[in-house]
Amino acid sequence: MKLYVIISLCALLTLTQQAPPREKCACELNNSEKAFPHGKLRIVETNASDCNSNITPQKTVELESLLLGLERRLSQLNKDVLILEKEDDGELYGVLSLYVIENEMTEIKQLIDKLNSTTQQHQILTANATEQLDNLKAEMQELEKFDTMQVIKGQQVNSALKADLFKCNKKLNTTVTPTEPPQGTCPRSRLLNVTGPRVYTAGEYPGSYAYGAWGRDPRPEEGKESWYWLVMLTSSNIYAHYVRLYSSLSSLIIGVSVPGNVQIHSSNPTTNTIQGPNNVLYGGALYYNCYNQDYVCRFNLTTKSVTTLQLPKGTRYNSKGNFCHLEECYPYTDLDLATDESGVWVVYTTTQDFGNLVLSKLEEGEPPVLGKTWRTSVYKRAVTNTFMACGVLYATRYINREVEEIFYSFNTITGQERFNIGIFMNKMSTNIQSLNYSPVDQMLHAYCDSNMVSYKVLFG
């Protein structure tokens, strides 16, 4: 028995050793195309990002500010020299005047040196940017060679076809006038965030007037597209009787007002002058709460005429329906005028609405007409400010000395209210006396304890 087992095992071993070996299969892949240079693409992206970060609007504003400052100093120097020529007594007065002129010339020289330095820096930046763009263009053309499927070429052909189609449609529809965005909708979709501040300046009168408003005209007259306006409550932080105009943002920052003030009346306050800080400029006319009345005033800056619109019976005014937070109320903020893509709006409250916000659309005209009205369920004294964007009302509330929150919205098309917006704004000072949205550049212009601050509004 044992011998039989041994023989069987031996036979099995023999059979195993005689089995043919398995054949192995190997494949060799040869790619005739060059490997895509991912590293080179990353370098191109980095260079493009660096180029964008080096060229900013602030650099243009800086140069324009220096030029305006120099123009202002030269004008003042010329006046001082003329005065000296007329009133020089050859003694102490002349010596002091020459000393003043010498100081002015020293300051002008410093300004010219700074201007020359800034101009040279901009020339170097322009030359470097041009060289970078040429290099980027060459590198992108080199990378396009790796597009063997001709995806980029196809996209370029599609873009050209779309451009031709757009031109064709434009020719066919030359008589069709463009329409405004419908109220309650926005071509940039919904409000996502507010970033900044982008601009922060004390302007021409640092610390002088705590209450006021500023911004841009959403529908400016021809030639005034870059203008800014400013209203300061110069009497008791409540009243004003003129609007101050600036030809550019840099003019406003350095305090050069051209063309200057446009006066509503020589007295302040008086009938139809400004009461409260919540004012807006639209279509060359200033809209505001008329002095001592529940009226909206419309002041035409060209004709210097004022027309009025009385709000519904029971409208609270004369500081009886203010914006507030837990620590204080902002006096004479009963009426809040606002602008967006579609025109002018007014936010207020009435006794019938028990202090809740009421929103009405103002239809243009002389006088303006009260259009459709919406009623909300948010209490006005729980709100610090409101603004409009694409037919949607937004409200803010005070969080602390550094932060303000956009917490509420009301859509005028759907009637939907939201109390959970949750967008926070970093403040440069404790209070925001007025808040205006500019659809021209999607900026929020805030007047904060005599300072002017702007924030970028992001839609998505």
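Everything quoted here is computed from the prediction, not taken from an experiment.

### A look at the overall build of the protein chain
At step 1: Helix and strand content of the protein chain: 6 helices and 25 strands.
At step 2: Expressed as a percentage of the 460 residues in the protein chain, the buried residues total 42%.
At step 3: Within the protein chain, contacts between residues separated by at least 24 positions form 56% of all contacts whose residues are at least 6 apart in sequence.
At step 4: Summing over all exposed atoms, the protein chain offers an accessible surface of approximately 26000 Å²; the carbon and sulfur share of this is 55%.

### A short note on the pattern of salt bridges
At step 1: Going through the model one piece at a time under the given rule, you end up with 9 salt bridges.
At step 2: The partner of Asp113 in a salt bridge is Lys109, and the shortest N-O contact between them spans 3.2 Å. With Asp113 and Lys109 both in helix α4 (residues 92-144) and 4 residues apart, the pair spans about one turn of that helix.
At step 3: For Lys109, a relative accessible area of 51% gives the class exposed.
At step 4: Put simply, Arg244 and Glu204 hold a salt bridge, and the shortest N to O gap is 2.8 Å. Highlighted residues: Arg244 in strand β5 (residues 242-246) and Glu204 in the loop between β1 (191-201) and β2 (212-215), separated in sequence by 40 residues.

### Things to note about the sheet that holds strand β3 (residues 228-232)
At step 1: Judged by pairing direction, the sheet is antiparallel, and its 4 strands sit side by side in the order β2-β3-β5-β6 without closing on themselves. Every interior strand has two partners, whereas the edge strands, β2 and β6 (260-263), have only one. Each strand of the sheet is rotated relative to its neighbour by a mean of 20°, with strand direction disregarded.
At step 2: In the sheet, β5 pairs with β6 via 4 bridges, with the strands oriented antiparallel. Residue pairing for β6: Leu245 is matched across the bridge by Gly260.

### Concerning the sheet that holds strand β15 (residues 343-348)
At step 1: Within the open sheet, the 4 strands sit side by side as β14-β15-β16-β17. Their pairing is antiparallel. Of all the strands in the sheet, just β14 (336-340) and β17 (369-379) have a single pairing partner and so form its edges. Averaged over all pairs of adjacent strands, the angle between strand axes in this sheet comes to 25°, irrespective of strand direction.

### Description of the environment of Gly207
At step 1: Position of Gly207 among the secondary structure elements: in the loop between β1 and β2.
At step 2: Judged by its relative accessible area of 60%, Gly207 falls in the exposed class.
At step 3: For Gly207 and Asp449, which are 242 residues apart along the polypeptide, the C-alpha to C-alpha distance reads 7.6 Å.

### Some details on the side chain of Asn385
At step 1: Turning to its location among the elements, Asn385 is positioned in strand β18 (residues 385-389).
At step 2: One polar contact links the side chain of Asn385 to the main-chain carbonyl oxygen of Ile432, over a distance of 2.8 Å.
At step 3: Residues in contact with Asn385, not counting those within four places in the same chain, are Asn278, Phe323, Asp336, Tyr394, Ala395, Thr396, Ile432, Gln433, Ser434 and Leu435.

### Structural notes on the nonpolar core
At step 1: By size, the foremost hydrophobic cluster in this structure holds 34 residues, and its most contacted members are Val231, Val243, Ile274, Leu286, Leu301 and Leu393.
At step 2: A total of 3 residues in this core trace back to one element, the largest contributor, which is strand β20 (residues 403-411).
At step 3: In contact with Leu286, not counting residues within four places along its chain, are Val231, Val243, Ile274, Asn279, Val280, Leu281, Cys297, Arg298, Phe299 and Leu301.
At step 4: Counting 20 residues, the second-largest nonpolar core is a separate cluster that includes Val194, Ile406, Cys448 and Val457.

### Overview of the state of the cysteines
At step 1: In total, this model carries 2 disulfides according to the counting rule given.
At step 2: The disulfide partner of Cys324 is Cys329, and the gap between their sulfur atoms is 1.9 Å. Given an S-S torsion of about 100°, the disulfide between Cys324 and Cys329 has right-handed geometry.
At step 3: Classification of Cys324 as buried rests on a relative accessible area of 3%.
At step 4: A relative accessible area of 29% means that Cys329 is categorised as partly exposed.

### So, the confidence of the model for the protein chain
At step 1: Averaged over all residues, the pLDDT of the protein chain is 83; the fraction at 70 or higher stands at 83%.
At step 2: Within the model, the stretch residues 1-16 combines pLDDT values under 50 with 0 contacts to residues more than four positions away or in other chains.
At step 3: Note on residues 174-185: pLDDT under 50 across the span, and 22 contacts to partners over four residues away in sequence or across chains.

The rules we used
- Residues numbered from 1 in each chain as written.
- Predicted model: local features only at pLDDT ≥ 70, side-chain atom pairs only at ≥ 80, totals over all residues.
- Heavy atoms only, no water.
- Helix = DSSP H or I, 4+ residues; strand = E, 2+ residues; numbered from the N terminus.
- Buried < 20%, exposed > 50% of the residue type's maximum accessible area, 1.4 Å probe, protein only.
- Contact = heavy atoms within 4.5 Å.
- Areas by Shrake-Rupley, 256 points an atom, 1.4 Å probe, with all protein chains shown as cover.
- Salt bridge = Lys/Arg side-chain N within 4 Å of Asp/Glu carboxyl O.
- Pairing = 2+ DSSP bridges.
- Axes fitted to C-alpha atoms, helices over the stretch in contact; angles between N-to-C directions.
- Polar contact = N/O pair within 3.5 Å; in protein donor to acceptor, adjacent residues only side chain to side chain.
- Core = buried A, V, L, I, M, F, W, Y, C linked by side-chain atoms within 4.5 Å.
- Disulfide = S-S within 2.5 Å.
- pLDDT = per-residue confidence, 0-100.

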